[in-house]
Amino acid sequence: MSSLSGKIALVTGGGRGIGAASALALAEAGADVIVCSRTTDEINAVAEKIRALGRRSLALTCDVTDAAQVQQLAKDARQQFGTVDILVNNAGLGRSHRFADHPDELWEQMLAINLTSVYLVTKAFVPSMIERRRGRIINIASTASKVGSKYIAAYTAAKHGVLGLTRALAVELVSYNITVNAICPGYVNTPMTDDNIANIVARTGLAETDARQALEKLSPQNRMIESEEVAALVVLLASDIAQGINGQAINIDGGAVMF
């Protein structure tokens, strides 16, 4: 795998979980990394770890569902670091509710953070990629981009949208030497999954260990994916050797989804 030395990456939702792991992995591969999130303390901590690796890092607070804040994010990134070569759209949120009395507010929230944010951030950063005729866009989707499950209609709809956007942009941007791919993890051992488990416990009365095991059993490997596994694929897709990988939705789920 070729080095990412000299490249600038930006990771949304970079304060914890997959985002933090991806930011650190990109830095270990040689990239300078901008991390953004709504949680300032978390991204500052990740940025410090990146600097400890000998790479430059910048922590920018941003609500990626707010178009004005995203435009400011792009401006600050350009002024302080230069043109972003690698964009990792990782920010996301998972919430569940049965559909019959599904709150409209929850529907709007799931689409905003999981889909509209990808549109807004990509729209803000892709013009400079087009101008330079190079770039890597990596969208962290989900196996919910491919299959449906009970009680997550809004999340599933949003993640299906991410996959559709990925494929459309892959076709539109390929002539500019920009690749666009999605990574589709199953349940990952992250704080977001911990929140899901807490929700299961609250709704069903299951013990926390039983709720966690129920999610683990959704994988043929009977385990959750680790953030570092997803991060390793992020680095691969960001590298020059992955130039021929475009418009793909790559599963990391232990074989739970076979297409």
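For the structure, see preceding data.
Residues numbered from 1 in each chain as written. Predicted model: local features only at pLDDT ≥ 70, side-chain atom pairs only at ≥ 80, totals over all residues. Heavy atoms only, no water.

Enquirer: Help me get a handle on the pattern of salt bridges, residues and values and all.
Expert: A side chain of one charge can pair with a side chain of the opposite charge when the charged atoms of the two come close. Applying the stated criterion across every chain, the model contains 10 salt bridges. Among the ionic pairs, arginine 134 bridges to aspartate 85, the shortest N-O distance being 3.0 Å. Here arginine 134 is found in the loop between α4 (104-132) and β5 (135-140), whereas its partner aspartate 85 is found in the loop between α3 (67-81) and β4 (86-89), with 49 residues between them in sequence. Residue arginine 134 is classed as partly exposed on the basis of its relative accessible area, which comes to 33%. Owing to a relative accessible area of 5%, aspartate 85 belongs among the buried residues under this scheme. A salt bridge links arginine 212 to aspartate 194, with the shortest nitrogen-to-oxygen separation between them at 2.7 Å. You can see arginine 212 sitting in helix α7 (residues 208-216) and its partner aspartate 194 sitting in helix α6 (residues 191-204), a full 18 residues away along the chain. (Salt bridge = Lys/Arg side-chain N within 4 Å of Asp/Glu carboxyl O. Helix = DSSP H or I, 4+ residues; strand = E, 2+ residues; numbered from the N terminus. Buried < 20%, exposed > 50% of the residue type's maximum accessible area, 1.4 Å probe, protein only.)

Enquirer: So what's going on with the nonpolar core? Which residues, and what values?
Expert: Within the largest apolar cluster, 44 residues are counted, with the highest numbers of intra-cluster contacts made by Leu10, Ile34, Val64, Phe125 and Ile137. When contributions to this core are tallied by element, the ones reaching two or more residues are β1 (8-12), β2 (32-37), β3 (57-61), α3, α4, α5 (153-173) and β6 (178-185). Broken down by element, this core gets its largest block of residues, 10 residues, from α4. Apart from the residues within four sequence positions on either side, valine 64 is in contact with Thr12, Cys36, Val70, Ala91, Ile113, Ser117, Leu120 and Val121. Ranked by size, the runner-up nonpolar core spans 33 residues in total, among them Ala9, Ile50, Ile183 and Ala238. (Core = buried A, V, L, I, M, F, W, Y, C linked by side-chain atoms within 4.5 Å. Contact = heavy atoms within 4.5 Å.)

Enquirer: Describe the environment of serine 239, listing the residues and the values that go with them.
Expert: Checked against the element boundaries, serine 239 lands in the loop between α8 (227-238) and β7 (249-252). Of the polar contacts made by the side chain of serine 239, one reaches the backbone oxygen of leucine 236; its length is 2.6 Å. (Polar contact = N/O pair within 3.5 Å; in protein donor to acceptor, adjacent residues only side chain to side chain.)

Enquirer: So what's going on with the packing of α6 against α7? Residues and values would help.
Expert: Put simply, α6 and α7 touch, their axes get as near as 9 Å, and they point 120 degrees apart. What the angle tells us is that α6 and α7 run oblique. As α6 runs across α7, the sense of the crossing is right-handed. Each of Thr193, Asp194, Ile197, Ile200 and Val201 in α6 lies in contact with α7, whose residues at this interface are Glu208, Ala211, Arg212 and Leu215. (Axes fitted to C-alpha atoms, helices over the stretch in contact; angles between N-to-C directions. Parallel < 35°, antiparallel > 145°, perpendicular 65-115°, else oblique. Left-handed = near helix turned anticlockwise from the far one by under 90°.)

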